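Coordinate analysis (summary)
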Amino acid sequence: MSVCRHPMLLPLPALLLAGCASIPTTSSGSATAAKSNETNQMHPTHQVVDHAAQAPVTTQAQDSRNTDHKYITKSEPENLTSAEQMAYKISLINSYQTWAATPYEYGGDSSKGIDCSAFVRQVYIGALGVYLPRTTLGQVKLGKEIPKDDLQIGDLVFFKTGVHERHVGIYLGNNKFISSTSSRGVAMSSLKHPYWVKDYWQARRVVANDDVIKDLKQALQVRTQNINEEVNRTVVARIEKERREEAARAAEIRKEKAREEAARKAAEQAKLLADRHGEAFRKGHVRACFLRYSWLEHTVKSGDSLDKIARHFSISVDQLKKDNHLKNNVIRIGEVLKVRQSNYPAGFDYKVKSGDTLSGIANKFHTSVSEIKDLNDLDSSVIKYNQSLKLPC
């Protein structure tokens, strides 16, 4: 009977790289049974009959599925390295772990219960992608018979446990094999145990180890490729993130430089404004005046005159008349007059020096003759030596 291999990528070598599977919880068995001491095997009560006649019949669809696979005719194994042997063993153990402690059930093929031939079939499918016959008698016809002292990982070991009873397991090396027994369910046993020594029948190699290693290497190659692709995606994403962060830093630097340039220009403008006010700014006096004038209101009382009001508010009669649009000096009791009050800071007075002219002073302090004349109520451009002039802010 030929063995058909499943063409899909092996799932459990990937588990080998990603981590161990968890032990399933069953209705009548627990994970702790898989860890029981070897003393539990002192008096096993295995009673597995041949499933050739009573096992569930493979459906036509299953037969069609199996025959579509590539047949393996190669049976002579190559020598395996320690690493390859370990990879092969772990692949089988990973599959075994998903079934460990599952209770025995004749004809069963699920986590609720499974018999020995179904367990072997499920492990081969899960670990190697290989489909075996459903029954023990079908499996014993596969491959070639192997001497007991030449057993390798993955070989099938068969036992005659009664006149018409057969049992099968999978060899894992170091005289250990896994199987589904009636006493302990899916568990690991020792070929050196007297019970199994007494009932040992034969061993068969249904899949050449070099074919298994080929599949394991292919799975490793695909897994490595997937890892490399993920690494490349991570690196590309990191580089893109660093590029965006660098662009953001460059933009922030440009903004900071723009702020510094704006501050520098503001400082230059302030300095230029300070220069316009000459020595008063350099001596630490008020740096700016924002309003040239403010206005007060004065209600004319009995005895008031324009001259009296002008002297009281330190302004000229002419300015008072001009601001209130008066054609003469006549005012009436109760009349409200606007009185101009200068906000010019103290200390901004400029003393006219010998040789000064109004235009020269205006040019020196970056202002105009009309502004100086307006601020100082001058009717002409004539100025006198040591005269005090207010300069516009």
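Residues numbered from 1 in each chain as written. Predicted model: local features only at pLDDT ≥ 70, side-chain atom pairs only at ≥ 80, totals over all residues. Heavy atoms only, no water.

**Re the overall build of the chain**
Within the chain, the regular secondary structure consists of 12 helices and 15 strands. Here the chain, with 393 residues, has 40% of them falling under the buried criterion. Long-range contacts, defined as pairs at least 24 residues apart, comprise 68% of the intrachain contacts of the chain with a sequence gap of at least 6. In the structure as shown, the chain presents an accessible area of about 22500 Å², 53% of it carried by carbon and sulfur atoms. (Helix = DSSP H or I, 4+ residues; strand = E, 2+ residues; numbered from the N terminus. Buried < 20%, exposed > 50% of the residue type's maximum accessible area, 1.4 Å probe, protein only. Contact = heavy atoms within 4.5 Å. Areas by Shrake-Rupley, 256 points an atom, 1.4 Å probe, with all protein chains shown as cover.)

**Quick word on the packing of aromatic side chains**
Counted by the stated rule, this structure contains seven aromatic pairs. Judged by centre distance (4.8 Å) and plane angle (90 degrees), the rings of Tyr-195 and Trp-196 are edge-to-face. Comparing Tyr-195 with Trp-196 shows no difference in burial state: the two are buried. Within the aromatic cluster, the residues linked to one another by ring pairs are Phe-159, Phe-177, Tyr-195, Trp-196 and Tyr-200. (Phe/Tyr/Trp six-rings, centres within 6.5 Å; stacked < 30°, edge-to-face > 60°.)

**Observations regarding the sheet that holds strand S11 (residues 200–205)**
With antiparallel pairing, the six strands of this open sheet are ordered in space as S6-S11-S7-S8-S9-S10. Each edge of the open sheet carries a strand with a single partner, namely strand S6 (144–146) and strand S10 (185–190). Neighbour-to-neighbour, the strand axes of the sheet open up by a mean angle of 35 degrees, direction not taken into account. Where strand S9 (residues 176–181) and S10 come together, six bridges link them in antiparallel fashion. Across the sheet, Ser-179 pairs through a bridge with Ala-187, a residue of S10. Most of the contacts of helix H4 (residues 116–128) go to strand S8 (residues 166–173), to which it runs at about 35 degrees, and overall it touches strand S7 (156–160), S8, S9 and S10. (Pairing = 2+ DSSP bridges. Axes fitted to C-alpha atoms, helices over the stretch in contact; angles between N-to-C directions.)

**Side note on H4**
Taking 1.5 Å of rise per residue, 13 residues should cover 18 Å, and H4 covers 18 Å from first to last C-alpha, within 8% of that figure. Most of H4 sits inside the fold, with 12 of its 13 residues counted as buried. Looking only at H4, the buried set comprises Cys-116, Ser-117, Ala-118, Phe-119, Val-120, Arg-121, Val-123, Tyr-124, Ile-125, Gly-126, Ala-127 and Leu-128. Just past H4, the residue Gly-129 takes up positive phi, approximately 70 degrees. (Expected span 1.5 Å × (residues − 1).)

**Here we look at the nonpolar core**
Nonpolar side chains tend to gather and get buried jointly when the protein is soluble and globular. Leu-92, Phe-119, Tyr-124, Leu-132, Leu-156 and Ile-170 are the most contacted members of the largest nonpolar core, which has 28 residues in total. Every element with two or more residues in this core is listed here: helix H3 (82–99), H4, S7 and S8. Among the elements that line this core, the one with the most residues is H4, at eight residues. Beyond its immediate sequence surroundings of up to four residues, Leu-92 is in contact with Val-123, Ala-127, Leu-128, Ile-153, Gly-154, Ile-170, Tyr-171 and Leu-172. (Core = buried A, V, L, I, M, F, W, Y, C linked by side-chain atoms within 4.5 Å.)

**Quick notes on a negative patch on the surface**
Side chains of Asp-318, Asp-374, Asp-377 and Asp-379 sit close together on the surface and give a patch of like negative charge. Here Asp-374 lies in helix H12 (residues 369–376). Here Asp-374 falls in the partly exposed class, since its relative accessible area comes to 35%. (Patch = residues over 30% accessible without salt bridge, like charges linked within 9 Å, V, L, I, M, F, W, Y side chains within 5 Å. Salt bridge = Lys/Arg side-chain N within 4 Å of Asp/Glu carboxyl O. Lys, Arg positive; Asp, Glu negative; His and termini not counted. Charge placed at Lys NZ, Arg CZ, Asp CG, Glu CD.)

**Focus on H12**
Turning to H12, its buried residues are Ile-372, Leu-375 and Asn-376. Along H12, the residues classed as buried sweep out an arc of 85 degrees about the axis, all on the same side. With its phi angle positive at about 55 degrees, Asp-377 sits one or two positions after the end of H12. (Arc of directions from axis to C-beta.)

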